[in-house]
There are 2 protein chains.
Amino acid sequence: MARSVGRICKGFQRLGLLSKQTQLIPFTRVPVGTVRTIVTLPSFLFPQPRDFSLPNPSWGSEMTRMYEHYESQCEVETEGGQKQKGPWQRLPSYNRLLKYATGGVYLSKIIQSKARLFTRNIRNPGAAFEYVLFVNKEEQKCVCILQAGHLLEGPPGHVHGGAIATMIDTVTGTHATILSGPVMTANLNINYRRPIPLGSTVLLESSLEKKEGRKTFITCRVTSTDGSKLHTESSVLFLSITASHLLGG
Amino acid sequence: MARSVGRICKGFQRLGLLSKQTQLIPFTRVPVGTVRTIVTLPSFLFPQPRDFSLPNPSWGSEMTRMYEHYESQCEVETEGGQKQKGPWQRLPSYNRLLKYATGGVYLSKIIQSKARLFTRNIRNPGAAFEYVLFVNKEEQKCVCILQAGHLLEGPPGHVHGGAIATMIDTVTGTHATILSGPVMTANLNINYRRPIPLGSTVLLESSLEKKEGRKTFITCRVTSTDGSKLHTESSVLFLSITASHLLGG
């Protein structure tokens, strides 16, 4: 169990979702005694996982423009010409929280080794969810720029309501984890106002509503990138968890 | 516009989602005068689309057992030994509602030709959503048997909340369309009670709560196949639409 807890925490940590105060052993560290063996092995045995939040050729001009807008605010120049951290921070994104999640009786080794994060399960760039998240810790806000690919269809020519719900859950869940540590979605309430055309780029803006004990309430709006069209409004309730909540099924 | 309406109606029809009263020209019929040309062309030019709701080798024993349970009630034998329609009806499922959705200015031809239904966008059997829907028109119920593949991961070893939301939207949306004709999701409210282990088979049961004018209210429960574990409870509001609602963006 302790091993499982460690792995789950490391998974959140790898996504940059645990604050420095709660960080345990970084992913790259290994127990004393095994360090020498590992550092002498060639680096191709430990390839860096792909960060899906970085630009790729499938990104359209709107996605790129919005990315550059927030990326430029991640590092700012002081009057003295020095660079320092800006108000926003880009969050990296991988296709697995944990390489091998332990699941006891219910999770076969085959499923463990093949499992991929739902929002990053298609490697073909631009085909499904192209997105990047930025967090502003001072303002307790998250934004996500989403370019909705052709494999996300629901109503003809438009994004599936479930794909929109998936991104809302992802963005608010990431935000809640940054604010409260590991959480699980308890309630997801979405009002769909206007369908999202397939292929378009939209903005998801997530804000902390309140925290009450184990509960974190987050709201999220999905709009056009200029904010003129409201596609959905939602409120999401998260409950703080320990690993035993998850492993208990 | 009339052409667009026709195409959208045909899409619903192809999925068996329009009643006989509202059926327009079936997909296989073509205008008089072109019939002769088409029937003389070899059949491989008009391949049948794959029905994803039929069993495939990736289905586990639980998925197969539940499928056979409902499939056996789609056709029943009378006392005289004759076969007749049973209380349940299986709904076929394809990877596109329409081959070419018209979207006017916003939908490029490239996106049109590549678009795939979100829940059927991965062809590798067993990797993502394996599901089949059955409808019981007399009881105004739908059931969906879902086997959640390894590409649907959210929390380590468990199904993503967005993937569950996607299936709830899909099942209740199909049900609402059977009951009320073309609809769009207006509100999706999900309570997550217990996470779903990756690789497991669950049952989604959708019931009509009420109809009020353009509104159709559907509830949906996700449980283990024996009903002993409740995973989620949800209520979904749909609004009846005409094609102009969709095409208006």
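Residues numbered from 1 in each chain as written. Chains lettered and ligands numbered in written order. Predicted model: local features only at pLDDT ≥ 70, side-chain atom pairs only at ≥ 80, totals over all residues. Heavy atoms only, no water.

For clarity, the threshold we go by: UniProt positions are given in the numbering used here, feature names are shortened, and annotations may be inferred rather than shown by experiment.
Where an unreviewed UniProt entry is consulted, chain A appears under the name Acyl-coenzyme A thioesterase THEM4, with the organism given as Pagothenia borchgrevinki. Annotation of chain A in UniProt includes, under Sequence similarities (unreviewed entry), the sentence "Belongs to the THEM4/THEM5 thioesterase family."

**Points about the nonpolar core**
In plain terms, the rule: We define the nonpolar core as a collection of buried residues of types Ala, Val, Leu, Ile, Met, Phe, Trp, Tyr and Cys that are connected through side-chain atoms lying within 4.5 Å of one another. Burial status follows relative accessibility: with a 1.4 Å probe on protein chains alone, a residue under 20% of its type maximum counts as buried, one over 50% as exposed, and anything between as partly exposed. By definition, residues are in contact when any of their heavy atoms lie within 4.5 Å.
L152, I168 and L204 of chain A together with L152, I168 and L204 of chain B are the most contacted members of the largest nonpolar core, which totals 78 residues. When near neighbours in sequence (up to four residues on either side) are disregarded, L204 of chain A contacts C142, V143, C144, L146, M167, I168, V171, C220, R221 and V222 of chain A.

**Brief notes about the relation of the copies chain B and chain A**
Applicable threshold: In superposing the copies, a least-squares fit is computed on C-alpha atoms, taking residues whose pLDDT is at least 70 in both.
Of the transformation placing chain B onto chain A, the axial shift is 0.0 Å and the rotation is 180°, giving an RMSD of 0.0 Å. Classification of the inter-copy transformation places it as that of a two-fold axis. Across chain B, the smallest distance between a C-alpha and the rotation axis is recorded for N189 of chain B, namely 2.2 Å.

**Quick notes on the pattern of salt bridges**
Convention followed: Here a salt bridge means any side-chain nitrogen of Lys or Arg lying within 4 Å of a carboxyl oxygen belonging to Asp or Glu. A run of H or I in DSSP counts as a helix once it spans at least four residues, and a run of E counts as a strand once it spans at least two, with each numbered from the N terminus.
In the structure shown here, the tally under the stated rule is 10 salt bridges over all chains. Notably, a salt bridge pairs E71 of chain B with R90 of chain B, separated by 3.7 Å at the nearest N-O pair. Pair noted here: E71 of chain B is in helix α3 (residues 61-71) and R90 of chain B is in strand β3 (residues 89-91), with a separation of 19 residues, a long-range link. In this structure E71 of chain B comes out as partly exposed when scored by relative accessible area, which is 31%. We classify R90 of chain B as partly exposed; its relative accessible area is 22%. Between K210 of chain B and E212 of chain B there is a salt bridge, with its nearest N and O atoms 3.4 Å apart. Using a relative accessible area of 35% as the deciding quantity, one classes K210 of chain B as partly exposed. Residue E212 of chain B is classed as partly exposed on the basis of its relative accessible area of 42%. Several salt bridges share partner residues, and in doing so they unite D51, E71 and R90 of chain A into one network.

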